[in-house]
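The primary structure of each chain is shown beneath.
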Amino acid sequence: WRYADAKRGLFLHRRALRLPVIGNVVAGVSVERFARALGTLLANGVGLPDALGLVANAVPNRAIGAVIASSVDRVKQGERLGDTLEEGGAMPLLAVQLVRVGEESGRLVEMLDRLADIYAQEVDTAVRRLTSMIEPVLILAIGVVVGGIVLSLLSAIAGLNALAL
């Protein structure tokens, strides 16, 4: 039962990443949390494989978390983190490239902090854009509901006047 739920959840989380506007927000939040948590753990002396194992559970999107979890053993075997994250397919390309640059320059912690800042700003911008798109639709929907209520009241009043005659 749990296996089916985990599989279904992973499927739904992969689908969520493909949604037009919401997918960018979901991926952005997950990458921001991944980068912030991994950078903090590495800065405080936790080894990369152990930090990846901890961070995989902290990421809200299961598809991205699965990519991170699958990279733990491969990083222990000596593969580069950027390569393992890219092969999962769920991580955004910008995140993978910045992780690679951090690895190659020996400044992974600084690059992860920068990556987290970039994605935090992107998520904020995307959420503002999304709310600005939804606001006119909500105003129109409220107007239709209020108009329907007014029309039903007027038709009831007109019906009472017709009975009085």
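Relevant structure appears above.
Keep in mind that this is a model prediction, so the values were computed, not measured.

K.L.:
Would you take a moment to explain the nonpolar core for this structure?
P.N.:
Nonpolar side chains tend toward joint burial in soluble globular proteins. Ranked by internal contacts, the top residues of the largest apolar core, which has 32 residues, are F34, L38, L85, L112 and L115. Sorting the residues of this core by element identifies α2 (22-43), α3 (48-56), α4 (62-76), α5 (81-88), α6 (93-105) and α7 (108-164) as the ones contributing at least two each. In this view, L115 contacts V31, A35, A95, L98 and V99; residues no more than four positions away in its chain are not counted.

K.L.:
Please clarify how the packing of α4 against α5 should be interpreted in this entry.
P.N.:
When two helices pack together, you describe them by how their axes are tilted relative to each other and by the distance separating the axes. α5 packs onto α4 with a crossing angle of 140° between their chain directions and a minimal axis gap of 9 Å. Classed by the angle they form, the pair α4 and α5 counts as oblique. Considering only the axes of α4 and α5, their crossing is right-handed. The segment α4 lies against α5, with V67, I68, S71, R74 and V75 engaging L81, T84, L85, E87 and G88. In the contact of α4 with α5, the residues fall into five nonpolar, three polar and two charged.

K.L.:
Explain a nonpolar patch on the surface here, please?
P.N.:
A cluster of nonpolar side chains, L19, V21, I22, M133, I134 and L138, forms an exposed patch at the surface whose accessible area comes to about 510 Å². Checked against the element boundaries, L138 lands in helix α7. The partly exposed category is assigned to L138, whose relative accessible area is 49%.

K.L.:
Looking at this structure, how should I read α6?
P.N.:
One turn of the α-helix equals 3.6 residues, which is why residues spaced by three or four share an orientation. In this model, α6 (13 residues) spans 18 Å end to end at C-alpha, consistent with the 18 Å of a helix rising 1.5 Å per residue. All of the buried residues along α6 are A95, V96, L98, V99, G102 and E103. Buried residues of α6 fall within an arc of 165° about the axis and therefore sit on the same side.

Criteria and cut-off values
- Residues numbered from 1 in each chain as written.
- Predicted model: local features only at pLDDT ≥ 70, side-chain atom pairs only at ≥ 80, totals over all residues.
- Heavy atoms only, no water.
- Core = buried A, V, L, I, M, F, W, Y, C linked by side-chain atoms within 4.5 Å.
- Buried < 20%, exposed > 50% of the residue type's maximum accessible area, 1.4 Å probe, protein only.
- Helix = DSSP H or I, 4+ residues; strand = E, 2+ residues; numbered from the N terminus.
- Contact = heavy atoms within 4.5 Å.
- Axes fitted to C-alpha atoms, helices over the stretch in contact; angles between N-to-C directions.
- Parallel < 35°, antiparallel > 145°, perpendicular 65-115°, else oblique.
- Left-handed = near helix turned anticlockwise from the far one by under 90°.
- Nonpolar A, V, L, I, M, F, W, Y, C, P; charged D, E, K, R; others polar.
- Patch = residues over 30% accessible without salt bridge, like charges linked within 9 Å, V, L, I, M, F, W, Y side chains within 5 Å.
- Areas by Shrake-Rupley, 256 points an atom, 1.4 Å probe, with all protein chains shown as cover.
- Salt bridge = Lys/Arg side-chain N within 4 Å of Asp/Glu carboxyl O.
- Expected span 1.5 Å × (residues − 1).
- Arc of directions from axis to C-beta.

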